[in-house]
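One-letter residues, chain by chain:
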Amino acid sequence: MNLDLSADISGDTESISISRLCGDVAVVIWDLPGARTSTKCTLETPEQLVPLVSLNIPLETGGQRILWATRTKDKPINLTLSAGALGPTEQAILYPAVELASFDVDRAVSNLAAAGHVKLLNNILGTWRSTFRLSQNQTFASVVRELTLALTPEPRQVRSCGQPIEGQHLLETAVDPVLGDIITIYAISANAVTTLSTNFVMGQQPKKGLQSCHLLVESARPLPQNFHLVFSGKNGIAVRKLSDNNGHSVDFQKWWGKRQGDMELREFLVRQLVQVAGAGVATAIDMQMRAPLAARQIAKSATHPAAEIDLALALDEGLLVGGWTHDPAAMLSKIEHLSENGSALPLQPNFYKFPGKTGEREDGLGADVTGFAAWLPQCKNLGPLLQPRFQMRLASGGTAMLVPALQPFEPAAQRNRILRAVPPQHARDEVFENILAPALKEVEQKLGQTVRIADVKEYGAMRETPLASIVIPLYRNLDFLRFQLSALATDPWIAKNAEVIFVLDSPEIQDDTEHLLGGLHILHDLPMKLAIMNRNSGYARACNAGASLATGTILVMLNSDVVPSGPGWLHELVSPLLQQKKLGAIGPKLLFEDGSLQHAGLYFAKDRRGIWLNHHFYKGMPGNYAPAQIARTVPGVTGACLVTRKDIYDLVGGFTEDYVIGDYEDSDLCLKIRQIGFQIGYEPAVSLYHFERRSIRRSSDYMRGLASQYNAWLHSKRWNDDIAELMTTYLDEVVDDTIAPFVGEKSERSAA
């Protein structure tokens, strides 16, 4: 068989060649002299060739080279090459590709300027490869390698920097800035030509006229020694060959120890590695923890501007930033976030300023500064970046770098930092809406994803078909547990009809709790169950976890600091729920330890900012106060003792879990129950003692006030219209009650 039918062309023309690119793909090359150059050239056949791609490249000696690539037929077909009405026309025969000679790279690039060679290579790598699906074609890969080396016989090296995680190879090279923006990176091996995802970062400071470039290449196997990369830029291409590192593999950790100061590379690696769940996230965090950047701030001066960033949480949906500035001479223009590509983004428009102080002066007074908090939704998916970079820009145009200390990456620690972003007395609705709420919402969701029941222990044989399930969350404080459990164990109705489920939301006191419950079980012989959370998760999640284990028709949410005053109380609360079809939840009278009223139902009243706050009817009045002795429907009841049906609880999704720490979940639950058509009842015939907020007072973040204000804002935003309509029904009763003005202590509630 004649494999070189490329010359089977009628007429006197050595300007036409036809060869095999690979498989069933042929390339027709036609050179037209300058004197007869036409801008419109066609290739015509009796049978349509599909697909058919063409390329026009100027020749160094004038004229142009036309290339057509197409799939051949299984028989010869006639070709007519035409340069238009004023140009030449030639005839040729296109044989099946298997009968043609191999593609002649020297013929294809002869008489081409460098720009023409680049154009040909770009088209073959891009359009031809994708059109004919040649990425995994070995013959095509060989042609591309030969064409690449014809352009750059001695390519610069690309060096391996090791594997940050298995299967992710970090490579390092340098390119000429003249190349422009890199559009595509092609990888050429012995068997394939593929495009790499553009996972690369360019250095911002050129050295010896070249910019450093680092890229991650995903490969489960070691990269082959004949591995070439082609960087296709806006203004040309750059060819690189993988170095063999003298036969030695590179340890990434050792390499990173010498390059940790490369801030753009650090941020690039963090953003890329986090896309690999598990190992990638852990490695990204470990890299930063092992070698943190030196924190940078601009020290205070009597005349020059100063600043510090002390909060910089890189979250999935944005960047939360906080700090202070001092600008005695009005020289400061703005604070900007620096991205890995060198661009600067002002901390606007979600930017809030407030008066602040830093440290102590010699006279004992705090130094006056301007505090600020900002939310940048534009900065998404930075990964677990623990030290984002910023700069202070002066009105003159000068800049100074600002780098925070290492930031927390664990959701609970992040939440605590967010709750200290703005002093409670300076928190405003717009601060919650535009700055804190997006961050808190994301962090709470992440925290919820980490929470689970780690273990369940049973003390005694649990009742198989209890009527009621009593869920009691435990958080740090076990002071009243022995009194509460004694009251439950000595109540005949509970012993016969209920199951008791404790949920330990403080796994750090697991041993003490198990020891105490074990002793109390021996003492009272009351079967009970202990669910141990894997971490502190908050009141709502603890209650929902306990409810998931409940098997009773009735669900009782009971605080660990609530102690019944006598037996029979639960029977009195369960009966109305079973008898009244429209009753969705019910709560008892709660008393302080001195016998005064703590709770006779919840109602809502606005504070001076227009935020709906939860209040207890007749709080502080004597326990026998006449208006509190009336059984009635109320807007809501406290979660300290809330009794509902399990099917209703499940229908509304239980307690909403996005309130911070433990507040407003109970009124939210009551409003959800009302929303589906049920009423909330108050039963004064049942009295329990509530030693209010003993556990939540141990949370310093809550007692700072910002969490409580945020919860009130979130609750009011979510339920404003429903509460406004609901409270018109209870207006007279609220007027008769004493509504205390909003202050921190008065706003504290008993849900947790």
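Residues numbered from 1 in each chain as written. Predicted model: local features only at pLDDT ≥ 70, side-chain atom pairs only at ≥ 80, totals over all residues. Heavy atoms only, no water.

## Some remarks on the overall build of the protein
Next, step 1: Along its length, the protein carries 18 helices and 37 strands.
Next, step 2: For the protein, the C-alpha atoms occupy an extent of roughly 120 × 70 × 55 Å along the three principal directions.
Next, step 3: Restricting the contact set of the protein to residue pairs at least 6 apart, pairs at least 24 apart contribute 75%.
Next, step 4: Counting only carbon and sulfur atoms, one obtains 49% of the accessible surface of the protein, whose full area is about 32500 Å².
Next, step 5: Positive and negative charge centroids in the protein, built from 71 and 81 side chains respectively, lie 2 Å apart. (Helix = DSSP H or I, 4+ residues; strand = E, 2+ residues; numbered from the N terminus. Contact = heavy atoms within 4.5 Å. Areas by Shrake-Rupley, 256 points an atom, 1.4 Å probe, with all protein chains shown as cover. Lys, Arg positive; Asp, Glu negative; His and termini not counted. Charge placed at Lys NZ, Arg CZ, Asp CG, Glu CD.)

## A look at the packing of aromatic side chains
Next, step 1: Evaluated as defined, the whole model comprises 14 aromatic pairs.
Next, step 2: Pairwise contacts between aromatic rings join Tyr 603, Phe 617, Tyr 618 and Tyr 625 into one cluster.
Next, step 3: Above the face of the Phe 617 ring, Arg 632 is positioned so that its terminal group lies 5.1 Å from the ring centre. (Phe/Tyr/Trp six-rings, centres within 6.5 Å; stacked < 30°, edge-to-face > 60°. Lys NZ or Arg CZ within 6 Å of the ring centre and 35° of its normal.)

## What about the sheet that holds strand 5 (residues 52–58)?
Next, step 1: The 4 strands are arranged 2-3-6-5 in an open sheet whose pairing can be described as antiparallel. Among the strands making up the open sheet, the edge pair consists of strand 2 (16–22) and strand 5. Each adjacent strand pair in this sheet contributes to an overall mean axis angle of 20°, direction not counted.
Next, step 2: When strand 5 meets strand 6 (residues 64–71), the two strands line up antiparallel, connected through 7 bridges. Counterpart to Asn 56 in the pairing with strand 6 is Ile 66. (Pairing = 2+ DSSP bridges. Axes fitted to C-alpha atoms, helices over the stretch in contact; angles between N-to-C directions.)

## Re the pattern of salt bridges
Side chains carrying opposite charge are able to pair once their charged atoms draw close together.
Next, step 1: Using the criterion set out here, one finds 28 salt bridges in the structure.
Next, step 2: Salt-bridge contacts for Asp 31 lead to Arg 65; the nearest nitrogen and oxygen are separated by 2.7 Å. Taken as a pair, Asp 31 in strand 3 (residues 25–32) and Arg 65 in strand 6 lie far apart in primary sequence, 34 residues in all.
Next, step 3: Classification of Asp 31 by relative accessible area gives buried; the value is 15%.
Next, step 4: In this structure, Arg 393 and Glu 336 form a salt bridge, with 3.0 Å as the shortest nitrogen-oxygen distance. Of this pair, Arg 393 sits in strand 23 (residues 389–394) while Glu 336 is found in strand 19 (residues 332–338), placing the two residues 57 residues apart along the sequence.
Next, step 5: Counted as one network, the salt bridges with shared partners bring together Arg 159, Glu 172, Arg 259 and Asp 262. (Salt bridge = Lys/Arg side-chain N within 4 Å of Asp/Glu carboxyl O. Buried < 20%, exposed > 50% of the residue type's maximum accessible area, 1.4 Å probe, protein only.)

## Observations concerning the environment of Trp 256
Next, step 1: Residue placement: Trp 256 occurs in helix 4 (residues 252–259).
Next, step 2: Under the relative-accessibility criterion, Trp 256 is labelled buried at 3%.
Next, step 3: In sequence terms Trp 256 and Leu 523 are 267 residues apart; their C-alpha atoms lie 61 Å from each other.
Next, step 4: Residues in contact with Trp 256, not counting those within four places in the same chain, are Leu 265, Arg 266, Leu 269 and Met 287.

## Considerations on the confidence of the model for the protein
Next, step 1: Taken as a whole, the protein shows an average pLDDT of 90; of its residues, 92% reach a score of 70 or greater.
Next, step 2: In the model, residues 7–13 has pLDDT below 50 throughout and makes 9 contacts with residues more than four positions away in sequence or in other chains.
Next, step 3: Confidence drops under a pLDDT of 50 for residues 694–704, and excluding neighbours within four residues, the segment shows 35 contacts in the predicted structure. (pLDDT = per-residue confidence, 0-100.)

## Side note on helix 5 (residues 263–273)
Next, step 1: With 10 of 11 residues buried, helix 5 is to be regarded as a mostly interior element.
Next, step 2: Residues of helix 5 that are buried: Met 263, Glu 264, Leu 265, Arg 266, Glu 267, Phe 268, Leu 269, Val 270, Gln 272 and Leu 273.

## Let's talk about the packing of helix 8 (residues 429–449) against helix 17 (residues 706–727)
Next, step 1: Remark: helix 8 packs on helix 17, axes separated minimally by 11 Å, with the N-to-C direction vectors making an angle of 100°. Classified by the angle their axes make, helix 8 and helix 17 are roughly perpendicular. Between helix 8 and helix 17, the residues in contact are Asp 429, Phe 432, Glu 433, Leu 436, Ala 437, Leu 440 and Lys 441 and Leu 706, Gln 709, Tyr 710, Trp 713 and Lys 717, respectively.
Next, step 2: Residues that form the contact of helix 8 with helix 17 fall into these classes: 7 nonpolar, 1 polar and 4 charged. (Parallel < 35°, antiparallel > 145°, perpendicular 65-115°, else oblique. Nonpolar A, V, L, I, M, F, W, Y, C, P; charged D, E, K, R; others polar.)

## As for a nonpolar patch on the surface
Next, step 1: Nonpolar side chains collect at one region of the surface, where Met 289, Leu 406 and Phe 409 lie side by side and expose about 250 Å² of accessible area between them.
Next, step 2: As for its position among the elements, Leu 406 is in the loop between strand 24 (399–402) and helix 7 (411–418).
Next, step 3: By relative accessible area, which is 31% here, Leu 406 ends up partly exposed. (Patch = residues over 30% accessible without salt bridge, like charges linked within 9 Å, V, L, I, M, F, W, Y side chains within 5 Å.)

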